[in-house]
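Summary of the model geometry
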Amino acid sequence: MSVLKLFLNFAKRYRLVAVYYSLIFFLFISIFYVCSIPFQAVWYALLLSGVIGGFFLIYSFIQYSIKYRLLKEQEGRVLYDLDGLPEPFGEIEMIYQELLKDLFLEKSNAQINVINERKELYDYYTMWLHQIKTPIAAMRLLLQSEEEKDTCALRLELFKIEQYAQMALQYLRIGEMSNDLVLKWYPLENIVKQAVRNYSTMFILKKIALELSEFHVNVLTDERWMVFVIEQLLSNALKYTNEGKICIQYDKTNEILLIKDSGIGIAKEDLPRVFERGFTGYNGRENKKATGIGLYLCKQILDKLAHPIHLSSKVGEGTTVALFFHREELKEDIF
């Protein structure tokens, strides 16, 4: 804030004091005039009062400026620390600071409670997700001992349970993802093959062909999180593809991994919102299969890994998802 504007605010705050002294000034002038006191005596008293008042005015303005600067410095820190607040002047300011300290204490206690509750929730669901893996593994063993023709549907549903449990675990971990990143150069083909291998059962059970091109390229990313992202994209492709194939290619020129399916596609009006949490669109409402979490998680993870994602689709023709591994913005004309 400029000095002039600061002084105007100072004058506005002490305007009643100025009005009071102005009235006293005119009162003395009137009394001196009525009593016929010599003008020189009046002028000397006014000059002396003005000099003393000027010193007090300058001192008060300096104190006001210092307090203003200290308060402005605390503007960003007051949520975390109150130690830098200026000394209160008078009972009113003291009461305001006490109220501020009470609010700060309440906020701190509320934050601690939220953190503790979140940790308890995280610990519970992590434990539950690890525990549920035991009956899932037992079910898989039992299914392997049965006739193949009688267990296809059950194996497919069991696979879905595993994937939903994994999705829930990753959803809980994404808040602390930064502490879990291992960024280095990985062979992209190995990452893709891991995801494809995990979903091989679903490809076989749904009788969907996979066309996987060879590409020998290294990318700077986190292997575990990238495998999860590609798994989610394959899950979506398989979910909405009843026949045909899924193609995985790598565009070396633009450094883009393309995952194409021949599924039912996505309505044009739904495309801008597919990465929103909980948004299922027309397909989700029609088929009752979508949770609105998969693509949201992909977007959150890829944003932290600095890999832009682009999705294009036409109803009845399929969907193409592009993962951009070059650290630049996607260009629409690529697609």
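It should be noted that the structure appears before, not after, this text.
The text that follows walks through the structure, step by step, so that each part is easy to find.

The rules we used
- Residues numbered from 1 in each chain as written.
- Predicted model: local features only at pLDDT ≥ 70, side-chain atom pairs only at ≥ 80, totals over all residues.
- Heavy atoms only, no water.
- Helix = DSSP H or I, 4+ residues; strand = E, 2+ residues; numbered from the N terminus.
- Buried < 20%, exposed > 50% of the residue type's maximum accessible area, 1.4 Å probe, protein only.
- Contact = heavy atoms within 4.5 Å.
- Areas by Shrake-Rupley, 256 points an atom, 1.4 Å probe, with all protein chains shown as cover.
- Axes fitted to C-alpha atoms, helices over the stretch in contact; angles between N-to-C directions.
- Parallel < 35°, antiparallel > 145°, perpendicular 65-115°, else oblique.
- Left-handed = near helix turned anticlockwise from the far one by under 90°.
- Nonpolar A, V, L, I, M, F, W, Y, C, P; charged D, E, K, R; others polar.
- Salt bridge = Lys/Arg side-chain N within 4 Å of Asp/Glu carboxyl O.
- Pairing = 2+ DSSP bridges.
- Patch = residues over 30% accessible without salt bridge, like charges linked within 9 Å, V, L, I, M, F, W, Y side chains within 5 Å.
- Core = buried A, V, L, I, M, F, W, Y, C linked by side-chain atoms within 4.5 Å.

Further remarks concern the overall build of the protein chain. Along the protein chain, the regular secondary structure elements total 10 helices and 7 strands. A burial count over the protein chain gives 32% of its 335 residues as buried. Long-range pairs, those at least 24 residues apart, make up 67% of the contacts in the protein chain between residues at least 6 apart in sequence. About 22300 Å² of surface is accessible on the protein chain, with carbon and sulfur atoms providing 60% of the total.

Two elements in contact, helix α6 (residues 188-198) and helix α8 (residues 223-239), have axes whose closest approach is 9 Å; the angle formed by their N-to-C orientations is 50°. Regarding the angle of α6 to α8, the classification is oblique. With respect to the hand of their crossing, α6 and α8 are arranged in right-handed fashion. Residues Ile-191, Val-192, Gln-194, Ala-195, Val-196 and Asn-198 of α6 pack against Glu-223, Met-226, Val-227, Ile-230, Glu-231 and Leu-234 of α8. Classifying every residue of the contact of α6 with α8 by side-chain character gives 8 nonpolar, 2 polar and 2 charged.

Moving on: the pattern of salt bridges. For the coordinates displayed, the defined rule picks out 4 salt bridges. Among the ionic pairs, Glu-189 bridges to Lys-193, the shortest N-O distance being 3.5 Å. One end of the pair is Glu-189 and the other is Lys-193, both in helix α6 and 4 residues apart, which spans about a single turn. For Glu-189, a relative accessible area of 9% gives the class buried. Taking relative accessible area as the criterion, Lys-193 reaches 36% and is therefore assigned partly exposed. The salt bridge involving Lys-245 is made with Glu-211; its shortest N-O contact spans 2.9 Å.

It is worth spelling out the sheet that holds strand β7 (residues 318-324) at this point. A sheet is described by the order of its strands in space; here 5 strands give the open sequence β2-β4-β5-β7-β6, paired in mixed fashion. Of all strands in the sheet, those bounded by a partner on one side alone are β2 (209-212) and β6 (309-314). Between one strand axis and the next, the sheet turns by 15° as a mean value, whatever way the strands run. Sheet analysis places strand β5 (residues 256-261) next to β7, joined by 6 bridges and oriented antiparallel. Note that in β7 the partner of Ile-256 across the bridge is Phe-324.

So, on to the environment of Tyr-122. Mapped onto the secondary structure, Tyr-122 falls in helix α4 (residues 90-144). Given a relative accessible area of 21%, Tyr-122 falls into the partly exposed group. C-alpha of Tyr-122 to C-alpha of Leu-172: the two residues are 50 residues apart in sequence and 6.5 Å apart in space. Not counting residues within four places of it along the chain, the set of residues in contact with Tyr-122 comprises Leu-172 and Arg-173.

Turning next to a nonpolar patch on the surface. A contiguous nonpolar surface patch, about 380 Å² in accessible area, is contributed by Leu-4, Phe-7, Leu-8 and Leu-57. Sort the elements by how many residues they give to the nonpolar patch and helix α1 (residues 3-13) lands first, with 3 residues. Positionally, Leu-57 belongs in helix α3 (residues 39-73).

Before going further, it helps to examine the packing of α8 against helix α10 (residues 294-305). The contact between α8 and α10 brings their axes to 10 Å, and the two run at 150°. With respect to their mutual orientation, α8 and α10 come out roughly antiparallel. Where α8 crosses over α10, the handedness of that crossing is left-handed. Between α8 and α10, the contacting residues are Trp-225, Met-226, Phe-228, Val-229, Gln-232, Leu-233 and Asn-236 on the first element and Gly-294, Leu-295, Leu-297, Cys-298, Ile-301, Leu-302 and Leu-305 on the second. Partitioned by chemical class, the residues of the contact of α8 with α10 number 11 nonpolar, 3 polar and no charged.

Met-226, Ile-230, Leu-233, Leu-234, Leu-257 and Leu-323 are the most contacted members of the largest nonpolar core, which has 48 residues in total. In terms of residue count, the dominant contributor to this core is α8 (10 residues). Among all residues touching Leu-233, those that are not within four sequence positions of it are Ile-259, Leu-295, Cys-298, Ile-309, Val-321 and Leu-323.

Here we come to the pairing of strand β4 (residues 245-251). Pairing between β2 and β4: 4 bridges, direction parallel. Residue Leu-210 lies in a different strand from β4, and its bridge partner there is Ile-246. In the sheet, β4 pairs with β5 via 6 bridges, with the strands oriented antiparallel. Bridge pairing in β5 places Gln-249 opposite Leu-258.

As a further point, take the environment of Tyr-21. Positionally, Tyr-21 belongs in helix α2 (residues 15-34). Of the residues examined, Tyr-21 reaches a relative accessible area of 54% and is grouped as exposed. Spatially, the C-alpha atoms of Tyr-21 and Gly-53 are 9.9 Å apart, while their sequence positions differ by 32 residues.

Interpretation in functional terms is not warranted from these geometric data alone.
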